[in-house]
Amino acid sequence: MNIVVVKNQEEAAEKALELVKAGLEKGSIKTLGLATGSTPLKLYEKMRGANLDCSDVATVNLDEYVGLAPNDPQSYNHYMKTELFDHVKFKETHLPNGVAENLQEECERYEAVLSENPVDLQVLGIGTNAHIGFNEPGTSFDTKTHVVELTESTIESNKVHFEKVEDVPTHAISMGIASIMEAKEIVLLAFGEAKAEAVKQMVNGPVNEGCPASVLQNHANVTIIIDEAAASKL
Ligand code: GLP
């Protein structure tokens, strides 16, 4: 794992943008894997201002809440549209559909999308319990796209984006750990004290399913860009 400790989110976003830009310029990024949550917001802000040519690039996102329609302001579909897709034109953009009638079929459809669009660079965040995507502790490393029941700690962490805790969906569709590991390159961002323990377990802990992000120790091309607070337990 290549670990880069930076002063703040601004610097982290700049470093991540450099990786994205380099891949686009070389033509090595044909599919960009994207994440949601607070962590990549600065990166998307910088991408909006970077005059990138993504007209030949597809995107795939990690996850979506079950029960939220794409136009629901709390959905990840809506988040991606307002933060990035309304500003940077991509060839295609893909997210799971959280209101698909048959969720199992939706997972299969999404896995097919991933097979057609193998991820060249995947942007990742990390949950306070070391989840990646919405793969909670205990998820098998073999999992492909699946329906997940969110843990209390994830619901608690994510309630800041909702009016009240009861509004946070209890389930999500998420790319599985095996799907995430198929990306050729991964860039994980993490900021703040609240992520320090998860970062420590991911980098120095044993590789096991109790710590989903620890699987990244098995990936050949991972860069972890973290601020000093998130790095404080390393
Ligand atoms: C959410 C998302 C993840 C994200 C993580 C961290 O639950 N499903 O993709 O990386 O939790 O969120 P945040 O960036 O808001 O701290």
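Residue numbering note: each chain is counted from 1, following its sequence as written. In keeping with the model being predicted, local features are shown solely for residues with a pLDDT of at least 70 and side-chain atom pairs are shown and tallied solely at 80 or more, while totals for entire chains, interfaces and linings include all residues.

**Student:** Go over the overall build of the protein, please, and point to the residues and values.
**Tutor:** In this description a helix means any DSSP run of H or I spanning at least four residues, a strand means any run of E spanning at least two, and both kinds are numbered starting from the N terminus. In terms of helices and strands, the protein carries seven helices and 10 strands. In terms of overall dimensions, the protein is globule-like: its C-alpha atoms have a radius of gyration of 16 Å, near the 17 Å expected for 234 residues. Across its three principal axes, the protein shows a C-alpha extent of roughly 45 × 40 × 35 Å. Residue burial here comes from a neighbour count, namely the number of other C-beta atoms, placed from the backbone, that lie within 10 Å of the residue's own C-beta, with 20 or more meaning buried, 12 or fewer meaning exposed, and in between meaning partly exposed. Within the protein, buried positions represent 44% of all 234 residues. Contact between two residues is assigned when their C-beta atoms, built from the backbone, lie within 7 Å. Once local pairs closer than 6 in sequence are excluded, the contacts in the protein between residues at least 24 apart make up 80%. Two things to know: the radius of gyration comes from C-alpha atoms, and the globule rule equals 2.2 Å times the number of residues to the power 0.38.

**Student:** Outline the UniProt feature "domain: Glucosamine/galactosamine-6-phosphate isomerase" (unreviewed entry) in the protein, listing residues and values.
**Tutor:** UniProt positions are given in the numbering used here, feature names are shortened, and annotations may be inferred rather than shown by experiment. With numbering matched to this structure, UniProt assigns "domain: Glucosamine/galactosamine-6-phosphate isomerase" (unreviewed entry) to residues 10–222. The distance from the first to the last C-alpha atom of residues 10–222 is 20 Å, and the span holds 33% helix and 15% strand.

**Student:** Explain helix α2 (residues 41–48) residue by residue, including any values.
**Tutor:** Looking at α2, one finds that the buried residues are Lys42, Leu43, Tyr44 and Met47. Close packing links the buried residues of α2 with α1 (9–26), α3 (76–85) and β6 (121–124).

**Student:** Run through helix α7 (residues 196–204), naming residues and quoting values.
**Tutor:** Each full turn of the α-helix corresponds to 3.6 residues, which orients residues three or four apart in the same direction. Regarding α7, the residues found buried are Ala196, Ala198, Val199, Gln201 and Met202. The inward-facing, buried residues of α7 contact β9 (185–190) and β10 (222–227).

**Student:** Tell me about the UniProt feature "active site" (unreviewed entry) in the protein, residues and numbers included.
**Tutor:** Annotation from UniProt places "active site" (unreviewed entry) at Asp63, Asn129, His131 and Glu136. Of note, His131 is situated in the loop between β6 and β7 (146–149). His131 gets classed as buried once you count the C-beta atoms within 10 Å, which come to 25. Setting aside residues up to four positions removed in sequence, His131 forms contacts with Glu136, Pro137, Thr154 and Pro212. Setting aside residues up to four positions removed in sequence, Glu136 forms contacts with Asn129, His131, Val148, Leu150, Thr151 and Thr154.

**Student:** Any chance you could break down the site of the ligand for me, citing the residues and the numbers?
**Tutor:** Contact assignment follows one rule, namely that a residue is near a molecule or strand if its backbone-placed C-beta atom lies within 6 Å of it. As a structural note, the neighbourhood of the ligand is formed by 14 residues, with Gly37, Ser38, Thr39, Gly125 and Gly127 the closest of them. Residues that form the shell around the ligand fall into these classes: four nonpolar, nine polar and one charged. In the scheme used here, Gly and all other residues not listed as nonpolar or charged are polar, with Ala, Val, Leu, Ile, Met, Phe, Trp, Tyr, Cys and Pro taken as nonpolar and Asp, Glu, Lys and Arg as charged.

**Student:** Tell me about the sheet that holds β7, residues and numbers included.
**Tutor:** Two pairing modes exist for strands in a sheet, parallel and antiparallel, and in both the strands are linked by backbone hydrogen bonds. Here a strand pair is declared whenever DSSP counts at least two bridges between the two strands. Spatial ordering of the open sheet is given by β4-β8-β7, a layout of three strands whose pairing is antiparallel. Across the chains shown, the open sheet's two edge strands, defined by having one partner strand only, are β4 (63–65) and β7. Taking the axes of each pair of neighbouring strands and ignoring which way they run, one obtains an average angle of 25 degrees across the sheet. Sheet analysis places β4 next to strand β8 (residues 171–174), joined by three bridges and oriented antiparallel. Paired with Asp63 across the strands is Ser174, a residue of β8. Lines are fitted to the C-alpha atoms to define the axes, a helix being fitted only along its stretch in contact, and any angle between axes, read from their N-to-C directions, falls within 0 to 180 degrees. Against the sheet, helix α4 (residues 103–116) makes contact with β7 and β8, and its axis sits at roughly 25 degrees relative to β8, the strand it touches most.

**Student:** So what about the sheet that holds β6? Which residues, and what values?
**Tutor:** Ordered by their spatial adjacency, seven strands build an open sheet running β1-β10-β9-β6-β2-β3-β5, and the pairing between neighbours is parallel. At either end of the open sheet lies a strand with only one pairing partner, and these are β1 (2–6) and β5 (92–94). Along the sheet, successive strands turn relative to each other by an average axial angle of 15 degrees, direction set aside. As judged from the four bridges shared by β6 and β9, these two strands associate in the parallel manner. Bridge pairing in β9 links Gln122 to Ile186.

**Student:** How would you explain the pairing of β8 if you had to name every residue and give the values?
**Tutor:** For β7 and β8, the ladder comprises four bridges, and the chain directions are antiparallel. Across the sheet, residue Val147 finds its bridge partner in β8, namely Ile173.

**Student:** Would you mind going over the packing of α1 against α2 in detail, with residue names and values included?
**Tutor:** Their axes nearest at 8 Å, the elements α1 and α2 cross at an angle of 55 degrees. Classified by the angle their axes make, α1 and α2 are oblique. Like other packed secondary-structure pairs, α1 and α2 cross with a definite hand, here right-handed. Residue-level contacts link Gln9, Glu10, Ala13, Glu14, Ala16, Leu17 and Val20 of α1 to Lys42, Leu43, Lys46 and Met47 of α2. For the contact of α1 with α2, the class distribution of residues is six nonpolar, one polar and four charged. Angle categories are assigned with fixed cut-offs, so that under 35 degrees is roughly parallel, over 145 is roughly antiparallel, 65 to 115 is roughly perpendicular, and the rest are oblique. If you view the pair so one helix is near and one far, a crossing is left-handed when the near helix is turned anticlockwise from the far one by less than a right angle, and right-handed when it is turned clockwise.

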